[in-house]
Amino acid sequence: MAKELEGFNFEQRHGKARVRVGRVWRSNDGRRHFMVEWNVNISLLSNCVAAYVRDDNSDIVATDTMKNTVYVKAKECSEQLSAEEFAILLGKHFTSIYPQVYTAIVKIVEKPWERISVNGQPHEHGFKLGSEKHTTEAIIQKSGALQLTSGIEGLSLLKTTQSGFEGFIRDKYTALPETRERMLATEVTSSWRYSYESVSSIPQKPLYFNDQYLNVKNVLVDTFFGPPVGGVYSASVQSTLLQMAKAVLSRFTDISSVQLKMPNIHFLPVNISSKDNGNIVKFNDDVYLPTDEPHGSIEASLSRFWSKM
Ligand SMILES: O=c1[nH]c(=O)c2[nH]c(=O)[nH]c2[nH]1
């Protein structure tokens, strides 16, 4: 909320960034362990202008207290919960305990610890780090109004064929040949907004948002690749991105918008020749030079016209 201050517009927030917490839960017999590792970011919008203008900190929630709250609440959560539920729980706490705090913004990035299998058997307490990360952001108002977004970061996908790029603008600066045969590689960052608009309306099913995260990831991946036999042709990153976004909105009725960022990570054809030896390596859709810079950057968002359920 912008405030008038000495003839200027003034907006402020404060919080604690990168609060790392690990939490282990045990099955009733104590043998099977469940764990999460979260990186929590808290930002509070509160009425505490006096701290800025009058050296009066009496309305300030210390960021150290915010950090401690993460550990207290993690301790209090006796049952496993999703990052979304934990973010909401923290946001509810800050907005209900402190009269000064009118909005809490809680972001969490979950490290992808996955249960390991040994000889094909899921291990009771062994985990290995996966790759892509589950993210969430909950914005909670004192009234209980909620904006809930979840996402995925670092989902690296690659297909070795069924991709092309043709018919683009050709002018005197254009060197790229048209093709119907190329590698397509990207690292997907996506976020999707849930249509739940209050803390009281979120599904009560345990770990619902973890299930949804896995479901959305599967739809994104399946749409990118197409069927295991034959795949699906991609006419551009743009076209594939839109198909992925549409698939998410058509599959999940409680998602009102989706944003996708899909860099085009180039695998350049290798052709090597010299004056003396002629063609040393001639590209035949086989040898590539992987690069990460520069890369194409393609992003879009898609939302329903009527986003309420
Ligand atoms: O799928 C693509 N989209 C582009 O916009 C683009 N631009 C480019 O050089 N190669 C590609 N590929």
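Conventions we followed
Residues numbered from 1 in each chain as written. Predicted model: local features only at pLDDT ≥ 70, side-chain atom pairs only at ≥ 80, totals over all residues. Heavy atoms only, no water. Near = heavy atom within 4 Å. Polar contact = N/O pair within 3.5 Å; in protein donor to acceptor, adjacent residues only side chain to side chain. Nonpolar A, V, L, I, M, F, W, Y, C, P; charged D, E, K, R; others polar. Helix = DSSP H or I, 4+ residues; strand = E, 2+ residues; numbered from the N terminus. Expected span 1.5 Å × (residues − 1). Buried < 20%, exposed > 50% of the residue type's maximum accessible area, 1.4 Å probe, protein only. Phe/Tyr/Trp six-rings, centres within 6.5 Å; stacked < 30°, edge-to-face > 60°. Lys NZ or Arg CZ within 6 Å of the ring centre and 35° of its normal. Core = buried A, V, L, I, M, F, W, Y, C linked by side-chain atoms within 4.5 Å. Contact = heavy atoms within 4.5 Å.

Caption draft 1: Layout of the site of the ligand. Around the ligand sit Phe165, Leu176, Arg182, Ser236, Val237, Gln238 and Asn264, and that is every residue in its neighbourhood. Here a nitrogen atom of the ligand sits 2.9 Å away from a polar atom, N or O, in the side chain of Gln238. Considered class by class, the residues forming the shell around the ligand number three nonpolar, three polar and one charged.

Caption draft 2: Layout of helix H4 (residues 208-225). Here H4 contains 18 residues, and its C-alpha end-to-end distance of 26 Å stays within 8% of the 26 Å for a straight helix at 1.5 Å per residue. Among the residues of H4, those classed as buried are Tyr208, Phe209, Asn210, Gln212, Tyr213, Val216, Lys217, Val219, Leu220, Val221, Thr223 and Phe224. Once H4 ends, the next one or two residues include Gly226, with phi positive near 75°.

Caption draft 3: Main features of the packing of aromatic side chains. Taken as a whole and assessed by the stated rule, the structure comprises twelve aromatic pairs. Judged by centre distance (6.5 Å) and plane angle (25°), the rings of Trp192 and Tyr213 are stacked. With Trp192 in strand E10 (residues 184-194) and Tyr213 in helix H4, this pair connects stretches of sequence that are 21 residues apart. Each member of the pair, Trp192 as well as Tyr213, carries the same accessibility label: buried. Aromatic side chains Tyr194 and Phe209 sit 5.0 Å apart centroid to centroid with 75° between the ring planes, which places their arrangement in the edge-to-face category. Of the two residues, Tyr194 is situated in strand E10 and Phe209 in helix H4; the sequence distance between them amounts to 15 residues. Phe209 sits in the buried class, given a relative accessible area of 1%. These aromatic residues form a ring-pair network of at least three members: Tyr194, Tyr196, Tyr208 and Phe209. Its end group placed over the ring of Phe224, Lys159 keeps NZ or CZ at 5.9 Å from the ring centre.

Caption draft 4: Inspection of the nonpolar core at higher detail. The biggest cluster of nonpolar side chains holds 60 residues, and the ones touching the most others in it are Trp38, Val40, Phe86 and Leu146. Ranked by residue count, the leading element in this core is H4, at eight residues. Every residue in contact with Trp38, bar those within four places of it in the chain, is listed here: Val19, Arg20, Val21, Trp25, Leu81, Ser82, Ala83, Phe86, Ile108, Val109 and Glu110.

Caption draft 5: How the structure looks around unusual backbone geometry. Here the bond from Glu293 into Pro294 is cis, since omega is -10°, no more than 30 degrees from zero. Looking at where Pro294 falls in the secondary structure, it is placed in the loop between strand E15 (288-290) and strand E16 (299-303). Backbone geometry at Asn119 places phi at a positive 50°, although glycine is not the residue there. Turning to its location among the elements, Asn119 is positioned in the loop between strand E6 (113-118) and strand E7 (121-129). A positive phi is found at Leu207, a non-glycine position, where the angle reads about 60°. Turning to its location among the elements, Leu207 is positioned in the loop between E10 and H4.

Caption draft 6: How the structure looks around the side chain of Ser190. As for its placement among the helices and strands, Ser190 is situated in strand E10. Among the polar contacts listed, one links the side chain of Ser190 to the backbone oxygen of Gln259, at a separation of 3.0 Å. Contact partners of Ser190, with chain neighbours within four places excluded, come to Ser150, Gly151, Ile152, Leu220, Val258, Gln259 and Leu260.

Any functional reading would require information that these geometric values do not contain.
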